[in-house]
There are 4 protein chains.
Amino acid sequence: MYVLKFGGSSVANAENIRKVAAIVQSSDAKQVVVVVSALGGMTNELLTLGTKAAEGDENYKGHLDDLRERHLNVVKSLLPITGQSSSLSLVMQLFNELEDIAESIFRLREFSPATKDRILAFGETLSSKIIAAYFASLNLSHRWLDAKNVILTNSKFSNAKVHLEPTMEIISKTIQNFNEKIILVPGFIASNKKGQTTTLGRGGSDYTAALFAAALNATRLEIWTDVSGMMTADPRWVSGARIIQHITFKEAMELSHFGAKVIYPPTIIPAMNAGIPILIKNTFDPEAPGTLIDNEPTTHELEQEIVTGISSMTEIALLSIEGSGMVGVPGTSKTLFETLAAAQINVILITQSSSEHSICVAVDAADIELAKEALDSSFNNEITTGKIEPIKIERGLSIVALVGDKMKSHPGISGKMFSVLGRNGINVRAIAQGSSEKNISAVIAFEDVKKAINVLHEAFFEKVYK
Amino acid sequence: MYVLKFGGSSVANAENIRKVAAIVQSSDAKQVVVVVSALGGMTNELLTLGTKAAEGDENYKGHLDDLRERHLNVVKSLLPITGQSSSLSLVMQLFNELEDIAESIFRLREFSPATKDRILAFGETLSSKIIAAYFASLNLSHRWLDAKNVILTNSKFSNAKVHLEPTMEIISKTIQNFNEKIILVPGFIASNKKGQTTTLGRGGSDYTAALFAAALNATRLEIWTDVSGMMTADPRWVSGARIIQHITFKEAMELSHFGAKVIYPPTIIPAMNAGIPILIKNTFDPEAPGTLIDNEPTTHELEQEIVTGISSMTEIALLSIEGSGMVGVPGTSKTLFETLAAAQINVILITQSSSEHSICVAVDAADIELAKEALDSSFNNEITTGKIEPIKIERGLSIVALVGDKMKSHPGISGKMFSVLGRNGINVRAIAQGSSEKNISAVIAFEDVKKAINVLHEAFFEKVYK
Amino acid sequence: MYVLKFGGSSVANAENIRKVAAIVQSSDAKQVVVVVSALGGMTNELLTLGTKAAEGDENYKGHLDDLRERHLNVVKSLLPITGQSSSLSLVMQLFNELEDIAESIFRLREFSPATKDRILAFGETLSSKIIAAYFASLNLSHRWLDAKNVILTNSKFSNAKVHLEPTMEIISKTIQNFNEKIILVPGFIASNKKGQTTTLGRGGSDYTAALFAAALNATRLEIWTDVSGMMTADPRWVSGARIIQHITFKEAMELSHFGAKVIYPPTIIPAMNAGIPILIKNTFDPEAPGTLIDNEPTTHELEQEIVTGISSMTEIALLSIEGSGMVGVPGTSKTLFETLAAAQINVILITQSSSEHSICVAVDAADIELAKEALDSSFNNEITTGKIEPIKIERGLSIVALVGDKMKSHPGISGKMFSVLGRNGINVRAIAQGSSEKNISAVIAFEDVKKAINVLHEAFFEKVYK
Amino acid sequence: MYVLKFGGSSVANAENIRKVAAIVQSSDAKQVVVVVSALGGMTNELLTLGTKAAEGDENYKGHLDDLRERHLNVVKSLLPITGQSSSLSLVMQLFNELEDIAESIFRLREFSPATKDRILAFGETLSSKIIAAYFASLNLSHRWLDAKNVILTNSKFSNAKVHLEPTMEIISKTIQNFNEKIILVPGFIASNKKGQTTTLGRGGSDYTAALFAAALNATRLEIWTDVSGMMTADPRWVSGARIIQHITFKEAMELSHFGAKVIYPPTIIPAMNAGIPILIKNTFDPEAPGTLIDNEPTTHELEQEIVTGISSMTEIALLSIEGSGMVGVPGTSKTLFETLAAAQINVILITQSSSEHSICVAVDAADIELAKEALDSSFNNEITTGKIEPIKIERGLSIVALVGDKMKSHPGISGKMFSVLGRNGINVRAIAQGSSEKNISAVIAFEDVKKAINVLHEAFFEKVYK
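A short tour of the structure in this document, coming up. Everything quoted here is computed from the prediction, not taken from an experiment.

## Quick notes on the overall build of chain A
Okay, so step 1: Looking only at helices and strands, chain A features 14 helices and 16 strands.
Okay, so step 2: For a compact globule of 466 residues, the expected C-alpha radius of gyration is about 23 Å, and chain A comes in at 25 Å, within 12% of that figure.
Okay, so step 3: Overall size of chain A, expressed as C-alpha extent along the three principal axes, is 75 × 60 × 40 Å.
Okay, so step 4: Each of the 466 residues in chain A was classed as buried or not, and the buried ones make up 60%.

## Concerning the relation of the copies chain B and chain A
Okay, so step 1: Rotating chain B by 179 degrees and translating it 0.0 Å along the rotation axis places it on chain A, where the RMSD comes to 0.1 Å. The relationship between the two copies is best expressed as a two-fold rotation axis.
Okay, so step 2: Interface overlap between copies is the fraction of interface residues in one copy that are interface residues in the other; for chain B against chain A it reaches 99%, indicating a shared surface.

## Comments concerning the pairing of strand S7 (residues 220-225) of chain D
Within a regular strand, side chains alternate between the sheet's two faces.
Residues and elements named next belong to chain D.
Okay, so step 1: In terms of burial, S7 is a largely internal element, five of the six residues being buried.
Okay, so step 2: By the bridge criterion, five bridges tie strand S1 (residues 2-6) to S7 in an arrangement that is parallel. In the sheet register, Val-3 faces S7, and the bridge partner there is Leu-221.

## Thoughts on the relation of the copies chain D and chain B
Okay, so step 1: Note on the identical chains: chain D maps onto chain B by a rotation of 180 degrees and an axial translation of 0.2 Å, with an RMSD of 0.2 Å.
Okay, so step 2: A symmetric contact is evident, with 92% of the interface residues of chain D recurring at the interface of chain B.

## Digging into the sheet that holds strand S3 (residues 142-144) of chain B
The strands that make up a sheet are held in pairs by hydrogen bonds between backbone atoms, and each pair lies either parallel or antiparallel.
Residues and elements named next belong to chain B.
Okay, so step 1: Pairing in this open sheet of eight strands is mixed, and the strands run S3-S4-S2-S1-S7-S9-S10-S8 from one edge to the other. The open sheet has two edge strands, S3 and strand S8 (246-248), and neither has a second partner. In this sheet, neighbouring strand axes are inclined to one another by 20 degrees on average, regardless of whether the strands run parallel or antiparallel.
Okay, so step 2: Its contacts with the sheet place helix H1 (residues 14-25) against strand S1 (2-6), strand S2 (32-36), strand S4 (182-186) and strand S7 (220-225), and it is angled at close to 170 degrees to S1.
Okay, so step 3: Where helix H8 (residues 204-215) meets the sheet, its contacts fall on S1, S2, S4 and S7, and the angle it forms with S1 comes to roughly 175 degrees.

## A look at the interface of chain B and chain A
Okay, so step 1: Across the boundary between the two partners, chain B contributes 68 residues, which contact 68 residues of chain A.
Okay, so step 2: Approximately 5,400 Å² of surface area, both sides summed, lies buried where chain B meets chain A, with 51% of it carried by carbon and sulfur atoms.
Okay, so step 3: Where chain B packs against chain A, one counts eight salt bridges.
Okay, so step 4: In this structure, Lys250(B) and Glu322(A) form a salt bridge, with 3.5 Å as the shortest nitrogen-oxygen distance.
Okay, so step 5: Seen at the junction of chain B and chain A, the total is 31 residue pairs in polar contact (both at pLDDT 80 or more).
Okay, so step 6: Tallied by class, residues from the side of chain B that touches chain A come to 27 nonpolar, 28 polar and 13 charged.

## A look at the sheet that holds strand S13 (residues 358-364) of chain A
Okay, so step 1: Pairing in this closed barrel of 12 strands is antiparallel, and the strands run S11(A)-S13(A)-S12(A)-S12(B)-S13(B)-S11(B)-S14(B)-S16(B)-S15(B)-S15(A)-S16(A)-S14(A) around the ring. Looking at each pair of strands side by side, their axes are set apart by 30 degrees on average, direction ignored.
Okay, so step 2: Against the sheet, helix H10 (residues 331-342) of chain A makes contact with strand S11 (309-322), strand S12 (347-352) and S13 of chain A together with strand S12 (347-352) of chain B, and its axis sits at roughly 15 degrees relative to S13(A), the strand it touches most.
Okay, so step 3: Most of the contacts of helix H12 (residues 368-378) of chain B go to strand S11 (residues 309-322) of chain B, to which it runs at about 25 degrees, and overall it touches S11, strand S13 (358-364) and strand S14 (392-403) of chain B.

## What about the interface of chain D and chain B?
Okay, so step 1: At the interface, 13 residues of chain D touch 12 residues of chain B.
Okay, so step 2: The three residues of chain D that bury the most area against chain B are Arg107(D), Leu108(D) and Glu110(D), which together make up 56% of that side's buried surface.
Okay, so step 3: Between the two partners, chain D and chain B, sit four salt bridges.
Okay, so step 4: Here Arg107(D) makes a salt bridge to Asp100(B), at a shortest N to O gap of 3.3 Å.
Okay, so step 5: Seen at the junction of chain D and chain B, the total is 13 residue pairs in polar contact (both at pLDDT 80 or more).
Okay, so step 6: Contributions of two or more residues to the side of chain D that touches chain B are made by helix H4 (84-108) and helix H5 (113-137) of chain D.
Okay, so step 7: For the side of chain D that touches chain B, the element with the most residues is H4(D), which contributes seven residues.
Okay, so step 8: By residue class, the composition of the side of chain D that touches chain B is four nonpolar, three polar and six charged.

## Re helix H1 (residues 14-26) of chain A
Since the α-helix advances by 3.6 residues per turn, residues separated by three or four positions end up pointing in the same direction.
Okay, so step 1: The terminal C-alpha atoms of H1(A), which comprises 13 residues, lie 19 Å apart, in line with the 18 Å expected from a rise of 1.5 Å per residue.
Okay, so step 2: Those residues of H1(A) that fall on the buried side of the exposure criterion are Ala14(A), Asn16(A), Ile17(A), Val20(A), Ala21(A), Ile23(A) and Val24(A).

## Overview of the packing of aromatic side chains
Okay, so step 1: Summed over the entire model, instances satisfying the criterion amount to 16 aromatic pairs over all chains.
Okay, so step 2: Their ring planes at 40 degrees and their centres at 5.4 Å tell us that Phe418(C) and Phe418(D) sit as a pair that is tilted. Residue Phe418(C) is found in helix H13 (residues 413-423), and its partner Phe418(D) is found in helix H13 (residues 413-423); the two belong to separate chains.
Okay, so step 3: On the basis of relative accessible area, Phe418(C) is assigned to the buried category, the value being 0%.
Okay, so step 4: In this arrangement the basic side chain of Arg109(D) is found over the ring face of Phe106(D), its NZ or CZ atom lying 4.7 Å from the centre.

## Quick word on the environment of Leu221(B)
All names here are of chain B.
Okay, so step 1: On the secondary structure map, Leu-221 appears in strand S7.
Okay, so step 2: Since its relative accessible area comes to 0%, Leu-221 is described here as buried.
Okay, so step 3: Ignoring anything within four residues of it in the chain, the contact list for Leu-221 reads Val-3, Ala-209, Ala-210, Ala-213, Ala-271, Ile-276, Pro-277, Ile-278 and Leu-279.

## A closer look at the arrangement of the chains
Okay, so step 1: A minimum C-alpha distance of 24 Å separates chain B and chain C, which share no contact.
Okay, so step 2: Chain D makes no contact with chain A, the minimum C-alpha separation between the two being 24 Å.

Calculation notes
Residues numbered from 1 in each chain as written. Chains lettered and ligands numbered in written order. Predicted model: local features only at pLDDT ≥ 70, side-chain atom pairs only at ≥ 80, totals over all residues. Heavy atoms only, no water. Helix = DSSP H or I, 4+ residues; strand = E, 2+ residues; numbered from the N terminus. Rg over C-alpha atoms; globule rule 2.2 N^0.38 Å. Buried < 20%, exposed > 50% of the residue type's maximum accessible area, 1.4 Å probe, protein only. Least-squares fit on C-alpha atoms with pLDDT ≥ 70 in both. Contact = heavy atoms within 4.5 Å. Pairing = 2+ DSSP bridges. Axes fitted to C-alpha atoms, helices over the stretch in contact; angles between N-to-C directions. Buried area = accessible area lost by both parts, 1.4 Å probe. Salt bridge = Lys/Arg side-chain N within 4 Å of Asp/Glu carboxyl O. Polar contact = N/O pair within 3.5 Å; in protein donor to acceptor, adjacent residues only side chain to side chain. Nonpolar A, V, L, I, M, F, W, Y, C, P; charged D, E, K, R; others polar. Expected span 1.5 Å × (residues − 1). Phe/Tyr/Trp six-rings, centres within 6.5 Å; stacked < 30°, edge-to-face > 60°. Lys NZ or Arg CZ within 6 Å of the ring centre and 35° of its normal.

Here it is as structure tokens:
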């Protein structure tokens, strides 16, 4: 049993869907679960549609017409004329439902979370139904399975939490009775105990696939996307970036902040916990080996390689709290992180060196104003009495990080990393490396990031040839 | 106006007290405030005395006799026989008082914080009174000032907080009326608004001196101790460690974790805030230039030097929290630091690299069990549901840190630091450098600490000759 | 300037609306504000409509048809045939809007608070528009004023709080520019700052009227309803109950728990605070004097009368906490009332006699299970350790209360009250009388309530004749 | 087995102690436990002694001499001259110990709770030791038992909580091995697990006696005091007050607020829980029948009597919260009682009548200022916005209450009570009667209290003769 998941770009149009069918057909597994996203871009389009309607913007109707047209066109190019009518009528029927909902939103001027999930679910339902019709036209043995009937969640619409045990059990029992070779499942969608539609949040289709993989104890989980795998560095910055052929789960998680964001770490946890290997593959280059993620120690292309990849985050700001009043007083970091948590601000990097005089945290550049405001208020007292200095913020920063499980056993990596950066005149504003030693992060100026990634890539991935 | 503070070792016996008198006499200031600690070791002896009595241990009496004997001997060796009687009787009288208190503690089996401060205060009262008698015997123009009358605190016995404004004003007005050349003040002691004796906590005599320096806008504050100043590295580890002749306040604070612990940072804040230069001097080598601490940019002995000193803490433990459930969830660090603050555990170093998968904190090795217990309880839920992995602790670690204001403008320092460590096979377990860039800290194994400090010292302080 | 408010029964059908017009025409004020409720029963009907739709019950459509029919019929009977068409078309148009909203609720299966208020508002809009058309057909000088434009609230839909200052000012400025004799205002409806429709909660139309009365400093506020005023006792129990011709605001508030519930106390606060007399009148017996509520000391019909009225609540339960562990321990009542407040349970009567051994509270019989459950949980610890006994509850109880400002200065009232009850064999389960002495409440068995009210009424209101 | 407890007045001097011995000797039980208080007034004297010393008042010494003298005199008058010496020396020795402690307090100026308990314990130790010597001189078979060895408490000095289970077991096992007829136990004293002396708080000796009674399953507990039992009313107010010969535990608790305060309710709980009858007896009139407290229905002297007693509290103040903003808002009582609990104010009576407009609580007159201040602050917001009126307080009030288990089944009691009060022109400011119907409380003016109690006593206890 394999589980194959195809992302939005992989099913964006008729041509791509044909590739998907070819890939599925050529799979060597006896039975495959195929999880599909909505047609590329549809989730955002549906969100915009609902938002427009709720704002009283009549243009939502034209928008709806475009989306309908798009799906009808896919059906028309995908199916033989003789086989189109039932699919066309199914699409029309789903869009009529969608239109009714949109009109209701427009009238009530309300776009509640529950309705949001109902609307978004049309994306995956449409794509999966169309693909099922195409599979039928190819005489492939298949069965469409409604994810809402097998994935049970709480009622936190938009980002529902799955009730793991019953979901696993239902998936396993349901599939057991199916003899078809292909089980086709819309990703992202689930339902709560009242039967209302819910969705699984960011990376939801990957999560659906990982749930199936874990429930069925699949031989592997294949994530088919539009790149050929995880890369040694962000290819937008480094022309010589290479595909990483093999990586451990933990390394993959560390590399997830990558520009390319091939996977969103929380979504693969069910597969990881079940020890099921994940293969990242490219729908548009199915021959490429892709990236294999599992628990085996990473085997690098070149034996000498120790670092697995270079991660980077470009829009970062730093925030530092400093003051003689912090020494020996345990409460400062508590207040700092309490404040940031209350303001729902994610902390990307923390560093407090041994003098206890200052703590420095990196946050998303978009959050820095909010963070400063919240902290100014929390520390108002300490600042006015001079115990700590006014909160400092620095913008225009980026983070580059070396990632690799093997770094732990090779003492010189940090030396090499900072020597390379220093030698190239790149000033390091903050450094953090935790005891797991799988990640050394350096905060640098945004204008240095391209140079930094390139020289590090050269040092750790290219120099080795010489 | 200078303020001179002499620590416990500087007034440990008659011989040393003679040196103190010589130093005071040779001062080129018109008027000097001389703040003295108790005779070396007395504070601990008094604490032991009280604790013994409270435990019902009759030996407290013999202990008291020894302490009395020690002070009488100092008087006898210091003063001419003809001038001893009034001092001997003063010492006897103070010890009778102390004996009454100790007996009361013994009877009630209670050693309350208030009584603790009353007992400890005998140390500085005795030393300063004896020194005053000695100054009298030398015909030095001097006056003994009871610190309890001028330093006002809250009632947090053992570690009382000074009410700064009234204290400053009283000191200034009091001294203004004094014409004597030398004002002799017992350090460490103060009083609350009910007139009860309080003490100023760790480094209390330095703090007394800094308060006087700030209140009187002294030209400088001299801290006379038993070393010739702050050093480039802990001399117990590095034979080639040199005295730092000039250092900024902020650097001095960063270097305070030093083994030698020449100063405890919070105690110098009044002087720092008032911009009063501090001179660390050696009572036993008064000719040595010592270390000057002020706000001027550091001038290094050798122009090439960028790093000011190497700090080290040897008994460290690391604690790490790791887990896929932490990604994108703002609350983990809040809970972590809330828990540590509630358990009154000081966090020496924090580091969370960019993957958000793990946070790592260094704490004093003595606190690690308590910390783990508290965190296991706080995160019990997350651990049992697998959102985070069991808390990991690592013992037997140390921190070495480069300190220096100039590091900020010299890109290659971190590279050099980690290259040197790497080249010498020293594995770096965690790294933290904040955006102030005055401190780069590396956590290493305790068994590597000697080697690490030496190779870093060689690289940053000795190699430059070549 | 008078403000006249007509309740739902007063405008329930064409016949009644004719009476309303006659009353308005005969008013001796120069200008009147007429506030009208929805046609009798409409608010509940609209609520049912929305709830049905949200539950997916298609019958909502038939229901809607009935409501439309009802309004069309009122128009047809009220207006001359030649003048009907524009009103019929207005009603049709409003019902089309309502139908769209109901359909949207049906489709989305959501009946949000905001939509609830939008739907409810149709009731008053329809009634006031129809009445306006009728006034027009009578050639009465009038103007319809949209309450949504002058009453501003927060966004707490269903029970919105009015922003008093701006609302008062807008009402005052708006009406100032109107020359028409009659200003016709739909009650109950308001809007928030986004312009969304809100409603004012229980007794909302009375509140609208009181707001207008206060804003315009009206000479009086007339509440036209279907009874001839507040009565000395609930007429369902006491055949001899009489109308109270004059009562103070405070007495009126005390009597509000009455079965008849002529007014809901919070709604008259704006009028009371502005000192505007309120006249309760009967639309169906306009000649009856009604009840005048103002700040003047009550003048009773018979000089000898001291009690103003007898209030009664029939469905009551008692809950008592008792235990030796409560004596001298201040926390019990705190926990008790904290728990009840958290469970949103209203406390009708409290009594703790001087022994501190037991506290007894009366709550609505419908809340007693919830209350007991909550308290059993809060006091679980004290109950299991025997500090307090298990919470006792008693059902089947009622409260009768004497109300009257003059009782304060007449010592014998409580004696007379309890003698009468005792003499008639009515056991009193709990008694409460606060220091304002405007109310003496007795908890008795439900089966005694009829007898109790009758004997009390006889003793305080009838005996005087003899 | 009987347990006999003799209070401070019963052992105030030699003469009284002789009466005690006679009473003990004449007991018809095989074995008796005799619990004694300190000599009348000693507990307060010892407290004063310690307080004086802690304040640095040297007069504590003269005070100590007086107390020593008093005890020596008791010994001298009680014992034959030949038998005095060992007792005199014991008293001297205990006073030397006490003197040492007092001197320590004087020196340290600290009177900690632990030391307070140590000092207080001398009172019961001295009295019980002297009585033991007297029993010896009478050749009575007796044994002195140190309460500290058998009563185990937590460390809440001054008001320590007893660890019931181990204490019961130790008492039972210890006494089991004793063959003496009389076991003499100092009341009030216990110890914590470190062996430090603790005391049991208000009514502590009664509590000691009740613990022994329960642990030994005594046939009865006799409380010997200076009155002949609980009375139908406070004899200071009512000349005709009579002793109550029989009363239930619950009634006794209700009557405990009595001026005479014969027992403090919490102290008898162990006996009550074990169902052991308590007999209140008069040391100075041992023939008088006294008051029997048990679980049997009260048998009144005169069959017609229904009320058991009249309780009264004279120094009361009322506090009322009133406001239209309280109606239907569950939080007011929560805030009220939360505030009073936080301010540690005991609530004596609560009453909220059915209008929900006002809550009225009675507190000790001494607490009223504090209560008002706390409530003004808690309700500041509601008061300034007019939701509730400013908190009203009324001073100069008293409470009279009828107490009796039988009142429940006799409907006319409240009528009779309030008729009597009304007929006598006594205005009732507040009334509370809970559903247990064991207590009807009326708040009246202090100047009416004497009249009120007398007319009530006449009505319920004397009229019956006629």
